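# Chains, contacts and geometry: an overview
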Amino acid sequence: MATRKIIVVGGGLAGLSAVIKIAEAGGTVDLFSIVPVKRSHSVCAQGGINAAKNLKGEGDTTAQHFDDTIYGGDFLANQTPVKAMCEAAPAIIDLLDRMGVPFNRTPEGLLDFRRFGGTLYHRTAFAGATTGQQLLYALDEQVRRFEAEGKVNKFEGWEFLSAILDGKGVARGIVAMNLRTMEVRAFPADAIILATGGIGALFGKSTNSVVCTGSAQSAVFQQGALYANGEFIQVHPTSIPGEDKLRLMSESARGEGGRVWVPRTPGDKRPVRSIPEAERFYFLEEWYPKYGNLVPRDVATRAIHKVVYQLGLGIDGQPMVYLDLTHIDHQTLDRKLGGILEIYEKFVGVDPHVEPMKIFPGMHYTMGGLWVDFDQMTNLPGVFAAGECEYQYHGANRLGANSLVSCIYGGFQAGPNALRYAKDLPVAEGDGGAAAEVARQSEINKKLLSNEGGENPFKLWRELGQTMTEHVTVTRYNKGLQAADEKIVELLDRYQRINLSDKSQWANTSFAFARQLKNMLELARTVTLGAMLRDESRGAHYKPDFPDRNDERFLKTTKASFTGAVEGPRIEFEAVDTQFIPPRPRRYDAAS
Amino acid sequence: MAERTVVFEIKRQASPDAPSVWERFELPWRPGMNVISAMMEIAGNPVTCEGHCTTPVAYDSNCLEEICGSCAMRINGKARMACSSLVDNLEQPIRVEPLSKFPLVRDLQVDRSVLFENLKKVKAWVPIDGTYDLGSGPRLTPQEQEANYPLSNCISCTCCMEVCPQFNVETGFVGAATIAQVKLFNNHPTGKVFKEERLRALSGDGGIQECGYAQNCVQACPKQLPLTSAISDVGREVVVQKVKDWLKS
Amino acid sequence: MATAQPTSAPQLQRGVEPLRAAEGSSFLWRKLHSLLGILPLGAFLLEHLLSNFEALKGPLAYGQQVYFLNHLPLVRVLEWVFIFLPLLYHAVYGVSIWLRGKSNVVYYPWAGNWMYTLQRYTGLIAFAYLIQHLWRERFTGVMLPENPYYAFHKVQMELANPWMLAIYVVAMIAICWHFSYGVWLFAAKWGITPGVTARRRFGYVCIALGLLLAVAGLASIYAFVGPLYPNAPVPNL
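The structure reproduced in this document is the subject of the present report. Position numbers for residues start from 1 in each chain and track the written sequence from start to end. Naming scheme: in the order in which they are written, chains are lettered from A and ligands are numbered from 1. Local features in this predicted model are restricted to residues of pLDDT 70 or higher, and side-chain atom pairs are both shown and tallied only at a pLDDT of 80 or more, whereas totals for entire chains, interfaces and linings draw on every residue. Each side-chain value is derived from all of the structure's non-hydrogen atoms; neither hydrogens nor water enter the calculation.

### Quick notes on the overall build of chain C
Put simply, the rule is: Helix and strand definitions follow DSSP, with helices as H or I runs of at least four residues and strands as E runs of at least two, each counted in order from the N terminus. Only C-alpha atoms enter the radius of gyration, while the globule expectation follows 2.2 Å times N to the 0.38, with N the number of residues. To sort residues, take the accessible area from a 1.4 Å probe on protein chains only and compare it with the maximum for the residue type: under 20% means buried, over 50% means exposed, and anything in between is partly exposed. Any two residues having at least one pair of non-hydrogen atoms within 4.5 Å are treated as being in contact. For the purpose of counting charges, residues Lys and Arg are taken to be positive, whereas Asp and Glu are taken to be negative. His and the chain ends are not included. Charge positions come from single atoms, namely NZ of Lys, CZ of Arg, CG of Asp or CD of Glu.
From N to C terminus, chain C includes seven helices and one strand. Element order for chain C, N to C, with α for helix and β for strand: β-α-α-α-α-α-α-α. Over its C-alpha trace chain C gives a radius of gyration of 23 Å, far above what one expects of a compact globule, namely 18 Å for 237 residues. If you line up chain C on its principal axes, its C-alpha atoms span 95 × 35 × 35 Å. Buried residues in chain C amount to 45% of all 237 residues. At a minimum sequence separation of 6, the contacts of chain C that also span at least 24 residues come to 74%. With 16 positive and 8 negative side-chain charges, chain C shows a spacing of 13 Å between the two charge centroids.

Right under this line is the structure:
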């Protein structure tokens, strides 16, 4: 048989990493992406990428990185892959450096490192405050090189609809839809790798990009893939509230010395710069003296919520706190944080060099995702997953600057593993189920286009976002989660009556969106029900009614499987691999 | 008091061969509103000022924080990113049109793949031996990093090409973005292995010589890339390369 | 491959084609155009304006200058190789540059864009002017190479027509602009002034140069039409 064909879906860091490894190993790759891959959401990552290179004489080690990651994730992550990732991280940084990523430098010409949340070491390499952009571009350039050499075929502007599974449930390719011609087509492959990112769109407004709908992972979930730890959603403590989205204000702002505070007097009317030091409440520094402003994100986010909603100290009574950089000199700020300060100034119209920024937590990252084994393969043979769309590396809470390394590492694993898997794959019988899958997807399209009713998909989406943000983010109550699930069930019902105002078959963006919406709704149930069943507080999952971590019952991976029944997905629990670091209490406020 | 509103006029075109029409929308004003949030609002209720039911506007967007480069369009006549176009800073009615120099797909969507083709033509990458562990990369001074970083911030929005009087079907000009990338990769200690090849590529038809130095690119660039300086630097190097090639031939 | 739906989708229009890397010869022709503008054409312009300046000293001095120039060795060869042919090339290729550019100063009224546009229109003015100037002053009427001392009178008669005078004034300004901005452009595009600061400073130099040339040029026009040498004597042919 001819060379093995691998399909990679998603052109962010994870997808491109996988593509590079496969092309380098001599495989052929079809790369699918909704947007030109250079516009993928990885471009939004700001602060940096972690690796224990120990270039600051602090004695940092990969073991310490591993421990910080596991501890930061509240022991929910399986330790074997996390350990391997932390050990691989320094070489990944070196590789990126060789690819030309313009990392900031020390005077000696070595990589500079900054501090980030959840660690006491300078472990984060960075390229200004646009590290994700620089990393994505470096990988994009390598892929463009392979593309020019004919080793990679890009299908930009194609949306993944489903996997093609043969009679034995083995992946034989994908069905994708051309977002211009709306053509639905089967693409055969010997293995597929999903690298389709996070699910921010479930929450309406988040720091995620528009394409981060989780539609692809939801589609394979509905085809039988397991979805793990869906309830773990990271809400980033510092984002800029906006009309259309929440814009991230990187943790690196605090890594470079930014301080979070509110006036001690509720509703203080003085101009911010005239409030004396003694009357500013640096609550993170007071509550967490050891880590200060660099506590992990879940901790900082809950602290901000407490200050705003319990202590009533939000700025002008609004849900906002100050993130203050004004004490740092102008040049240092421009050199290390220029990109994000520019974003703030452009979108808010205030110069953060001279006036503290007003920020508030916003939905940011999906710790959960498709269940995969240590080879990055889902329970569907031949369907691999890497990057934010899978669940493996961050447990109950991701540490800042670990996502970039997990995406690249995951892609580097998934690529060669998929190739190895494909080598031993027996030839498909007939078309492997391609025609049937195309027919099924076309049927869905036909129905959506011919629907009669009064529902607008964008309005349903807005309601979904409001519900999810209200009940399934920072603070969760079982009553609220119940209400959220009922709301989603209602939305699923109303979805049946969507009437598209645009029924054309050319670049029909609302049609594509309506398709994604169905998948978002199904996934939203999984997230919500997972949260409902987990009666404890762990990492980003916080239930005031169950304020403690409960290792006995819940040191477990949540594994959801799609049933199609009204009751929603079936959820099982799987033991967590804790063979290297025994779980210990997670206390960032402890003085030790 | 009447509710404050915002008026948009959007150029619509259902497909490349369909006629274009202007549609007018009136939306409730909200603080911090930008052109994208207005478009989202329209999608939820696609009805024009005249009460005519229409379709949601097709447009490209992704990150909404001016880093992905998707949402470039002409707003009040000027090419810019829709996400960072705050309604409060724009004269009303806000007229929104697609970029004019690229093949139209639908409404505000255009096909900008020519830029990515151009990047291939100039080998805009660092040719590493492989992704296996070969130790750390070349040392660079902070000054070198600070010179390269701004060039590496190009978001491929194509605003520089849209506003360039020389970028058109007649000239087939490559545009400022690609020239800046040539400078970036020629500056890199490993990337410069292709330096001569890139310079020769840029002396091909549609190359750097087509630049008319109107300097619109540097004015329009949302990421403030030093585009004109890149054109000057690369322009000199292309000439030197061509002279060398001629002397050696 | 299994596929649903017939494909009768609309086709996109043709866009700007990608770079034809290392192909074609337009680089050479364009750079030649640019270079010729400075050398020899720019150099000749300076020479011409300096020579004109002699007119301020009177008809005789002016005639002597014309005599001197026309008695340079191989003057006819020099004239064709260093003036007429380069001029023709610069002009014709320049028109093609003008035709292929799409000025958008209406939408982007920025300084550089204005200059881009002006460079094209001043070039056109110069072209049109030079056709008539050469025709009427060099190739028809009294032949000045053979009758250098007739030069002052010939020019004076020409400029006695107020329309002609207006044309000369406009063209003088346009050509001085075109040249001095051309020098600035040359330095920018050939990478002689690669930095923003260098370009700004050199911009001041070019403004000064342009003003100087224009003033000198207009002064020599004044020598022909002003009260200095009214009705200059006509030498015997």
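Next, the rest of the story.
### Regarding the sheet that holds strand 21 (residues 570-575) of chain A
Residues and elements named next belong to chain A. The following threshold applies: Any two strands with at least two DSSP-identified bridges between them are counted as paired.
Read across the sheet, four strands follow the order 18-11-20-21 without closing on themselves; strand pairing throughout is antiparallel. Since the sheet does not close on itself, it has two edges, and those belong to strand 18 (369-370) and strand 21, each with one partner. Pairing between strand 20 (residues 556-561) and strand 21: six bridges, direction antiparallel. Among the inter-strand pairings, alanine 560 is bridged to a residue of strand 21, identified as isoleucine 571.

### Side note on the interface of chain A and chain B
For the record, the criterion: What counts as buried area is the accessible surface, traced by a 1.4 Å probe, that two parts surrender upon association, with contributions from both included. Just to be clear on terms, a salt bridge is a Lys or Arg side-chain nitrogen sitting within 4 Å of an Asp or Glu carboxyl oxygen. Between N or O atoms, a polar contact is any pair within 3.5 Å; within protein, one atom must be a potential hydrogen donor and the other a potential acceptor, and residues adjacent in sequence are included only when both atoms are from side chains. Gly falls in the polar group here, along with every residue not listed as nonpolar (Ala, Val, Leu, Ile, Met, Phe, Trp, Tyr, Cys, Pro) or charged (Asp, Glu, Lys, Arg).
Taken together, the 69 residues of chain A in the interface contact 75 residues of chain B. Together, the buried faces of chain A and chain B total about 5900 Å²; carbon and sulfur atoms form 51% of this surface. A per-residue breakdown of the area chain A buries against chain B is headed by Arg39, Arg98 and Glu243 of chain A, which together make up 15% of the total. Here chain A and chain B share eight salt bridges between them. Linking glutamate 147 of chain A and lysine 120 of chain B is a salt bridge whose minimum nitrogen-to-oxygen distance equals 3.3 Å. Here chain A and chain B share 41 residue pairs in polar contact (both at pLDDT 80 or more) between them. Of all the secondary structure elements, the ones that give two or more residues to the side of chain A that touches chain B are helix 1 (13-24), helix 3 (79-98), helix 4 (131-148), strand 13 (247-248), helix 9 (330-348), helix 12 (457-471) and helix 14 (509-533) of chain A. Take the side of chain A that touches chain B: its biggest share by element is nine residues, from helix 4 of chain A. Of the residues assigned to the side of chain A that touches chain B, the class counts are 25 nonpolar, 20 polar and 24 charged.

### Regarding the environment of threonine 178 of chain B
Residue and element names in this part refer to chain B. Note that threonine 178 resides in helix 5 (residues 176-187). C-alpha separation for the pair threonine 178 and lysine 121, spaced 57 residues apart in sequence, amounts to 9.4 Å. Not counting chain neighbours up to four residues away, the residues in contact with threonine 178 comprise Leu115, Asn118, Leu119 and Val122.

### Topic: unusual backbone geometry
Residues apart from glycine generally show negative phi values, whereas peptide bonds are mostly found in trans. Residue and element names in this part refer to chain B. The linkage connecting glutamine 92 with the following residue, proline 93, adopts the cis geometry, with an omega of -5°. Positive phi is not limited to glycine here, since lysine 123 has a value of about 50°. Within the secondary structure layout, lysine 123 lies in the loop between helix 2 (113-121) and helix 3 (142-151).

### Regarding the packing of aromatic side chains
Residues and elements named next belong to chain A. Inclusion rule: Pairing of aromatic rings covers Phe, Tyr and the six-membered ring of Trp, with a centre-to-centre limit of 6.5 Å; geometry is then stacked below 30 degrees between planes, edge-to-face above 60, and tilted otherwise. Working rule: Lys NZ or Arg CZ, within 6 Å of ring centre, within 35 degrees of ring normal, means a charge sits over the ring.
The full count for this structure, using the stated rule, is 39 aromatic pairs over all chains. Consider the rings of tyrosine 71 and phenylalanine 75, whose centres lie 6.2 Å apart with planes at 85°: the pair is edge-to-face. An identical accessibility class is assigned to tyrosine 71 and phenylalanine 75; each is buried. Summarising the aromatic geometry, the rings of phenylalanine 554 and phenylalanine 573 are spaced 5.9 Å apart at their centres and angled 75° between planes, so their arrangement reads as edge-to-face. With phenylalanine 554 in helix 15 (residues 551-554) and phenylalanine 573 in strand 21, this residue pair connects regions lying 19 residues apart in the sequence. A cation sits over an aromatic face here: lysine 83 above phenylalanine 580, 5.0 Å from the ring centre. Above the plane of the ring of tyrosine 282 lies arginine 259, whose end atom (NZ or CZ) is 3.7 Å from the centre.

### Let's talk about the pattern of salt bridges
Residue and element names in this part refer to chain A. Taken as a whole and assessed by the stated rule, the structure comprises 81 salt bridges over all chains. The salt bridge involving lysine 518 is made with glutamate 522; its shortest N-O contact spans 3.3 Å. In this pair, lysine 518 and glutamate 522 both sit in helix 14, four residues apart, roughly one turn of the helix. Several salt bridges converge on common partners, so that one network encompasses Asp74, Glu231, Arg534, Glu536, Arg538, Arg549 and Asp551.

### Looking at the interface of chain B and chain C
Taken residue by residue, the interface counts 58 residues in chain B and 45 residues in chain C. Between chain B and chain C, the buried area comes to about 4200 Å², and carbon and sulfur atoms account for 59% of it. Interface area lost by chain B to chain C is led by Asp205, Gln209 and Tyr213 of chain B, which between them contribute 15%. For the interface between chain B and chain C, the tally reads two salt bridges. Linking arginine 100 of chain C and glutamate 210 of chain B is a salt bridge whose minimum nitrogen-to-oxygen distance equals 2.8 Å.

### A word on the sheet that holds strand 19 (residues 383-385) of chain A
The strands making up a sheet are joined through hydrogen bonds of the backbone, oriented either antiparallel or parallel. Residue and element names in this part refer to chain A. Selection criterion: Simply put, an axis is a line fit to the C-alpha atoms, just over the touching stretch for a helix, and the angle between two N-to-C directions goes from 0 to 180 degrees.
One open sheet accounts for five strands, arranged 6-2-1-10-19; its pairing is parallel. Looking along the sheet, the strands with just one partner apiece sit at the ends: strand 6 (152-156) and strand 19. Neighbour-to-neighbour, the strand axes of this sheet turn through a mean angle of 20°, independent of strand direction. Examined bridge by bridge, strand 1 (residues 5-9) and strand 10 (residues 191-194) share four bridges and lie parallel to one another. Among the inter-strand pairings, isoleucine 7 is bridged to a residue of strand 10, identified as isoleucine 192.

### Describing the nonpolar core
The line we're drawing: In this text, buried Ala, Val, Leu, Ile, Met, Phe, Trp, Tyr and Cys residues form a nonpolar core when linked through side-chain atoms within 4.5 Å. Per the annotation, domain bounds derive from an automatic or database assignment of domains.
Counting 227 residues, the largest nonpolar core has Ile49, Leu96 and Phe283 of chain A together with Phe8 of chain B as its most contacted members. Top contributing element to this core by residue count: helix 6 (residues 162-189) of chain C, with 13 residues. When residues of this core are assigned to domains, at least three fall in each of domain 1 (5-110) and domain 2 (113-248) of chain B. Setting aside residues no more than four positions away along its own chain, phenylalanine 283 of chain A makes contact with Val260, Trp261, Val262, Ala303, Ile304, Val307 and Val321 of chain A.

### Side note on the pairing of strand 1 (residues 5-13) of chain B
Residues and elements named next belong to chain B. Of all nine residues making up strand 1, seven are buried, and the element is well covered by its neighbours. Sheet topology places strand 1 next to strand 2 (residues 20-28); nine bridges connect them, and they run antiparallel. Within strand 2, the residue paired with isoleucine 10 across the bridge is glutamate 23. Connecting strand 1 to the antiparallel partner strand 2 that follows it, the hairpin turn spans six residues. Sheet topology places strand 1 next to strand 5 (residues 94-97); three bridges connect them, and they run parallel. Bridged to phenylalanine 8 within strand 5 is isoleucine 94.

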